[in-house]
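Examination of the molecular architecture
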Amino acid sequence: MTSSELWTRATADRYDAEEAENSSHAALEPALTFLAELAGDGRALEFAIGTGRVGVPLRERGVPVAGIELSEPMAAVLRGKADEDALPVTIGDMATTVVPGEFTLVYLVYNTISNLLTQDEQVECFRNAARHLAPGGRFVIELGVPPLRFLPPGQAAVPFDVSDRHLGFDTFDLVEQLLVSHHFTREGEDGHYRRGASRHRYAWPAELDLMARIAGLELEQRVADWDGSPFTDDSAKHISVWRKPA
Ligand SMILES: C[S@@+](CC[C@H](N)C(=O)[O-])C[C@H]1O[C@@H](n2cnc3c(N)ncnc32)[C@H](O)[C@@H]1O
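Analysis parameters
- Residues numbered from 1 in each chain as written.
- Predicted model: local features only at pLDDT ≥ 70, side-chain atom pairs only at ≥ 80, totals over all residues.
- Heavy atoms only, no water.
- Salt bridge = Lys/Arg side-chain N within 4 Å of Asp/Glu carboxyl O.
- Helix = DSSP H or I, 4+ residues; strand = E, 2+ residues; numbered from the N terminus.
- Buried < 20%, exposed > 50% of the residue type's maximum accessible area, 1.4 Å probe, protein only.
- Near = heavy atom within 4 Å.
- Polar contact = N/O pair within 3.5 Å; in protein donor to acceptor, adjacent residues only side chain to side chain.
- Areas by Shrake-Rupley, 256 points an atom, 1.4 Å probe, with all protein chains shown as cover.
- Nonpolar A, V, L, I, M, F, W, Y, C, P; charged D, E, K, R; others polar.
- Axes fitted to C-alpha atoms, helices over the stretch in contact; angles between N-to-C directions.
- Left-handed = near helix turned anticlockwise from the far one by under 90°.
- Contact = heavy atoms within 4.5 Å.
- Expected span 1.5 Å × (residues − 1).
- Pairing = 2+ DSSP bridges.

If you check an unreviewed UniProt entry, the chain appears there as Methyltransferase from Streptomyces rubiginosohelvolus.

As structure tokens, this is what we get:
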């Protein structure tokens, strides 16, 4: 039983079109280069592989990729792009599901560790990554830095996207370390907006380092983006790499 919300058929059917900008060759190139280098000659396992936005092009680069995905509708969209032999996907929870074999790389991108809504499950996710790694293998996470510096006392919401097509803002439960991302997305030209919301557990990089340590992994690298730019006070997100000791 997982705390993650289950991604529905309707969400899966919309996902690739809504993420088109972040799925282009140009947008993905730095991430694919980063991940392919870490995978080396070994195999990669993507936790929460979704519709294969990253996994499919990484496979096309010659890296053998497997995936774990909770939502059958999301995995079904991936299946339209790559068959089971080319890219095996196991339906299950990334915190607990075990797949056969050993991997030089396990990766979990696009803020998705935050879909696990409890600290215990996030720790289990690190342990599950470590379980799948060969000695010397890496676990990579892409995650936003909690935007709490934008939340002055008395203010409940932080906008993250204000455009004609989409209004997005987060609201926070600071006691439970949870946030809700609210989305109003324009559909068609009649001025109609669809409302959506998703719940997340946010975590600071230092908390993730502690989870990694519990799982027997060591921090190797933290950068601000896939291009390797330095992580600073003002970074809005981070790419973190933990290594399983050889
Ligand atoms: C933002 S999408 C990311 C998909 C893909 N990794 C990408 O970069 O496009 C989040 C995905 O995480 C999956 N997910 C959420 N909780 C999960 C869990 N506990 N175990 C496995 N997959 C999960 C969702 O079903 C969804 O496909």
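1. Notes on the pattern of salt bridges
The full count for this structure, using the stated rule, is 16 salt bridges. Across the pair Glu5 and Arg199 runs a salt bridge whose closest N-O atoms are separated by 3.7 Å. Of this pair, Glu5 sits in the segment before α1 (9–18) while Arg199 sits in strand β9 (residues 192–201), and the two are 194 residues apart along the sequence. Judged by its relative accessible area of 41%, Arg199 falls in the partly exposed class. For the salt bridge of Arg222 with Asp209, the shortest nitrogen-to-oxygen distance reads 2.7 Å. With Arg222 in strand β10 (residues 218–223) and Asp209 in helix α6 (residues 205–214), this residue pair connects regions lying 13 residues apart in the sequence. Residue classification places Asp209 among the partly exposed residues on the basis of a relative accessible area of 21%.

2. Description of the site of the ligand
Near the ligand, the surroundings consist of 21 residues, among which Tyr15, Glu46, Ala48, Glu69 and Asp93 are the closest. One of the side-chain nitrogen or oxygen atoms of Arg53 is found 2.9 Å away from an oxygen atom of the ligand. Here a nitrogen atom of the ligand sits 3.2 Å away from a polar atom, N or O, in the main chain of Leu70. Here the ligand has 600 Å² of accessible area as a free molecule, and 98% of this is covered by the chains. Classifying every residue of the shell around the ligand gives 10 nonpolar, 7 polar and 4 charged.

3. Looking at the packing of α1 against helix α4 (residues 72–79)
It is the contact of α1 with α4, at a shortest axis distance of 8 Å, that shows an interaxial angle of 35 degrees. α4 is crossed by α1, and the crossing has right-handed handedness. Of α4, the residues touching α1 (which contributes Arg9, Ala12, Tyr15 and Asp16) are Pro73, Met74, Ala76 and Val77. Per-class residue counts for the contact of α1 with α4 are 6 nonpolar, no polar and 2 charged.

4. Some thoughts on helix α5 (residues 119–132)
Compared with the 20 Å implied by 1.5 Å per residue over 14 residues, the 20 Å span of α5 between its first and last C-alpha is a close match. Those residues of α5 not exposed but buried are Glu121, Gln122, Val123, Cys125, Phe126, Asn128, Ala129, Ala130 and His132. Buried residues belonging to α5 abut β1 (44–47), β4 (103–108), β5 (133–144), β9, α6 and β11 (237–243).

5. Some points on the sheet that holds β9
On the basis of which strands lie adjacent, the open sheet formed by 4 strands has the order β6-β7-β8-β9 and antiparallel pairing. One side of each edge strand has no neighbouring strand; the edge strands of this open sheet are β6 (157–162) and β9. Strand-to-strand twist in this sheet, taken as the mean axis angle between neighbours without regard to direction, amounts to 20 degrees. Strand direction decides the pairing type here: β6 and strand β7 (residues 166–173), joined by 5 bridges, are antiparallel. Looking across to β7, one finds that Pro159 is bridged to Phe169.

6. Brief notes about the sheet that holds β11
Reading across from one edge, β3-β2-β1-β4-β5-β11-β10 is the order of the 7 strands in this open sheet, with mixed pairing throughout. Two strands lie at the open edges of the sheet, namely β3 (89–91) and β10, each paired on one side alone. Taking each pair of neighbouring strands and ignoring which way they run, the sheet shows an average axis angle of 20 degrees. The pairing of β1 with β4 spans 3 bridges and is parallel. Note on β4: the bridge partner recorded for Ala44 is Leu105. Lying over the sheet, α4 contacts β2 (65–69) and β3, oriented at roughly 165 degrees with respect to β3. On top of the sheet, α5 reaches β1, β4, β5 and β11; it is set at about 145 degrees to β5, its chief contact.

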